[in-house]
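Residues per chain are reported as follows:
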Amino acid sequence: SMLDGWTGMYSKIALANYALDNEEAAVKWINKGLVENPQWSVNLPAFYFLRAHPTLTSIIKPEKFKTKDWESAMMMLSNLGREIEVIEIGLKLIERKTESSYSNFLLGRSYFYEKEKQKAIHYLKLSLGMDKENIEAQDLLDNIRAN
């Protein structure tokens, strides 16, 4: 109740509920965010993993996602430890030629978590080729090479 009306926290509350196996409460907080603040819809791509929920099917529209939306979806999936899904999305983005430095970083990181070191290095290098200032990619690459 202390967070009621603080729509900026609703995505975190929804994620926490989902992580605690309370999908219905997560969906409730997503809908609450949308009702209280129509601009909250920018958070919807992060909840891509809930796209099949009956309440969200008509709201989460992956066919309209732009690169930033896919990055949000990938990041949230990674936060949930669903690295195989991150990899699947990342490879589809590459196939469509819509990848970014950040999506390649997330792809490399997911391969790292899946213990596929050479693939992780490959995608981290791609990430850095697109943006030499991608500190996260550089740090992870340095870490992999050091170990």
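Look a little higher up for the structure.
Here the structure is a predicted model, which is why all the values come from computation and not from measurement.

S.K.: I'm lost on the packing of helix H3 (residues 67-79) against helix H5 (residues 101-113) in this one. Help?
M.R.: If you want to describe how two helices pack, look at the angle between their axes and the distance between the axes. Taken N-terminus to C-terminus, the directions of H3 and H5 make an angle of 20°; their axes are 10 Å apart at the nearest point. The angle between H3 and H5 places the two elements in the roughly parallel class. Here H3 and H5 pass one another in a crossing that is left-handed. Here Glu 71, Met 74, Met 75 and Ser 78 of H3 lie close against H5, whose contacting residues are Tyr 102, Ser 103, Leu 106, Leu 107, Arg 109, Ser 110 and Tyr 113. Broken down by class, the residue content of the contact of H3 with H5 amounts to six nonpolar, three polar and two charged.

S.K.: Hey, could you run me through H5 in this one?
M.R.: Helix length check: H5, at 13 residues, gives a terminal C-alpha distance of 18 Å against a target of 18 Å (1.5 Å per residue), a fit within 8%. Taken across its 13 residues, H5 has ten buried, putting it largely inside the fold. For H5, the complete set of buried residues consists of Ser 101, Ser 103, Asn 104, Phe 105, Leu 106, Leu 107, Gly 108, Arg 109, Ser 110 and Tyr 111. Contacts from the buried residues of H5 go to H3, helix H4 (83-95), helix H6 (117-130) and helix H7 (135-146). Directly beyond the C-terminal end of H5, a positive phi value near 65° is found at Lys 115.

Conventions and cut-offs
- Residues numbered from 1 in each chain as written.
- Predicted model: local features only at pLDDT ≥ 70, side-chain atom pairs only at ≥ 80, totals over all residues.
- Heavy atoms only, no water.
- Axes fitted to C-alpha atoms, helices over the stretch in contact; angles between N-to-C directions.
- Helix = DSSP H or I, 4+ residues; strand = E, 2+ residues; numbered from the N terminus.
- Parallel < 35°, antiparallel > 145°, perpendicular 65-115°, else oblique.
- Left-handed = near helix turned anticlockwise from the far one by under 90°.
- Contact = heavy atoms within 4.5 Å.
- Nonpolar A, V, L, I, M, F, W, Y, C, P; charged D, E, K, R; others polar.
- Expected span 1.5 Å × (residues − 1).
- Buried < 20%, exposed > 50% of the residue type's maximum accessible area, 1.4 Å probe, protein only.

Shape descriptors only; they carry no functional weight alone.
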